[in-house]
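Observations on chain architecture
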Amino acid sequence: MSAIPQGATPYYYVPAESSHPVMAAIGLFFVILGAGTWINGHEWGMYSLFFGLVWWLAVLFVWFRDAARESEAGLNSRKIDLSYRWSMSWFIFSEVMFFGAFFTALWWARAHSVPALGSLANELLWPNFQAVWPSVAPGATASPANIVEPFKTVGPFWLPTINTALLLTSGVTLTIAHHALQVNNRARCISFMWMTVILGFVFLCVQGYEYHHLYNDYNLKLNSGVFGSTFYMLTGFHGFHVLVGMLMLFFITIRLMKGDFTDKHHFGFEGAAWYWHFVDVVWVFLYILVYWM
């Protein structure tokens, strides 16, 4: 959020009582209720899930709108600006731990679990088991008794490499937009922000096409052993984060077009940029560890 110089407002702005947290919790309640019942075979759970999502997103929209209005009205002091920065920093740190868990699962399965299953005892129990990572030995499914259907692994060429170029380019266009805002060149900033949003959208389209190709032509599915599950969990969650980051940048661009933010105070822009650069870095690790190795 944008802020005003310290001293122009009270040391710490305390907003009025708000119903937004309670309303958001109600939406999440229906999301969890619906997801749990739908997974367990109850058709009505689907409606509860989507109702909760719509409710929750509507509350977030109003909540963020109110926060933006408070900022643009000059109610946020330097202390509030710092609290936003610390909050975003801890949020991104939690995301680092989130992806760290999945990367650790990939490493543990590949370096420890699968080799350990190739011991003499397991050889006697499962004589057809191949204790090798599928990308190391193409065609190997590492499946005792052929539980997992044969599948092909995926390499870096060409769709993942194209997506890498798209994300890295989007990081450059976002940085150019940030510098343009800092020198108060709003038109240039908006132009490069739209480029960044479009690059993020194209990334998602390419990933969707890649999923369709892998599912139909490579028979690589979420249940294709630990290789398939770790692949889709890492790339899928990253794609979701790209979607969230793209929406952040989209709404920041809309606010820029409405005249929000100044060259000195624009943490709403900076926070979205931090998140997008984090998504870029995660993809670089993912591109190397998942597609190349």
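Residues numbered from 1 in each chain as written. Predicted model: local features only at pLDDT ≥ 70, side-chain atom pairs only at ≥ 80, totals over all residues. Heavy atoms only, no water.

Here we take up the packing of helix H1 (residues 20–39) against helix H2 (residues 44–72). Put simply, H1 and H2 touch, their axes get as near as 7 Å, and they point 160 degrees apart. Relative to H2, H1 is oriented roughly antiparallel. Our pair here, H1 against H2, has a crossing hand that is left-handed. (Axes fitted to C-alpha atoms, helices over the stretch in contact; angles between N-to-C directions. Helix = DSSP H or I, 4+ residues; strand = E, 2+ residues; numbered from the N terminus. Parallel < 35°, antiparallel > 145°, perpendicular 65-115°, else oblique. Left-handed = near helix turned anticlockwise from the far one by under 90°.)

As annotated in UniProt, the feature "transmembrane region" (unreviewed entry) corresponds to residues 21–39, 45–65, 86–109, 157–177, 189–209, 229–252 and 273–292 in the numbering used here. Annotation note: span residues 157–177, helix share 90%, strand share 0%, distance between end C-alpha atoms 30 Å. Helix and strand shares over residues 229–252 are 100% and 0% respectively, and the end C-alpha atoms of the span are 34 Å apart. (UniProt positions renumbered as here; feature names shortened; annotations may be inferred.)

Moving on, we get to the confidence of the model for the protein chain. Residues shown with low pLDDT carry predicted positions that ought not to be read at fine detail. For the protein chain, the average pLDDT comes to 88, and 92% of its residues sit at 70 or higher. Contacts for the low-pLDDT stretch residues 1–7, under 50 throughout, to residues beyond four places or in other chains number 33 contacts. (pLDDT = per-residue confidence, 0-100. Contact = heavy atoms within 4.5 Å.)

By the definition in use, this model includes 4 salt bridges. Between Asp-81 and Arg-85 there is a salt bridge, with the nearest N and O atoms lying 2.9 Å from each other. In this pair, Asp-81 and Arg-85 are both assigned in helix H3 (residues 78–116), 4 residues apart and thus about one turn of the helix distant. Of the charged contacts, one joins Glu-270 and Arg-85 as a salt bridge, the two residues approaching to 2.9 Å between their closest N and O atoms. Of this pair, Glu-270 sits in helix H8 (residues 267–292) while Arg-85 sits in helix H3, placing them 185 residues apart in sequence. What makes Glu-270 buried here is its relative accessible area of 13%. By relative accessible area, which is 21% here, Arg-85 ends up partly exposed. Each of Asp-81, Arg-85 and Glu-270 takes part in salt bridges that share partners, so that together they form one network. (Salt bridge = Lys/Arg side-chain N within 4 Å of Asp/Glu carboxyl O. Buried < 20%, exposed > 50% of the residue type's maximum accessible area, 1.4 Å probe, protein only.)

Moving on, we get to the domain arrangement of the protein chain. Structurally, the protein chain comprises domain 1 (15–74) and domain 2 (77–290). Centre-to-centre, using C-alpha coordinates, domain 1 lies 25 Å away from domain 2. (Domains from an automatic or database assignment.)

Moving on: the packing of aromatic side chains. Between two aromatic rings, the relevant description is the distance of the centres plus the angle of the planes. Within the structure shown, the criterion is met by 27 aromatic pairs. Pairing Phe-98 with Phe-102 gives two aromatic rings, centres 5.1 Å apart and planes at 75 degrees, and the pair type is edge-to-face. In this pair, Phe-98 and Phe-102 are both assigned in helix H3, 4 residues apart and thus about one turn of the helix distant. On the numbers, 5.8 Å between centres and 20 degrees between planes, the contact of Phe-151 with Phe-227 is stacked. Of this pair, Phe-151 sits in the loop between helix H4 (120–125) and helix H5 (159–182) while Phe-227 sits in helix H7 (residues 225–258), and the two are 76 residues apart along the sequence. Residue Phe-151 is classed as buried on the basis of its relative accessible area, which comes to 5%. You can call Phe-227 buried: its relative accessible area is 5%. In this structure an aromatic cluster arises from ring pairing among Phe-157, Trp-158, Phe-203, Tyr-211, Phe-231, Tyr-232, Trp-283, Tyr-287, Tyr-291 and Trp-292. (Phe/Tyr/Trp six-rings, centres within 6.5 Å; stacked < 30°, edge-to-face > 60°.)

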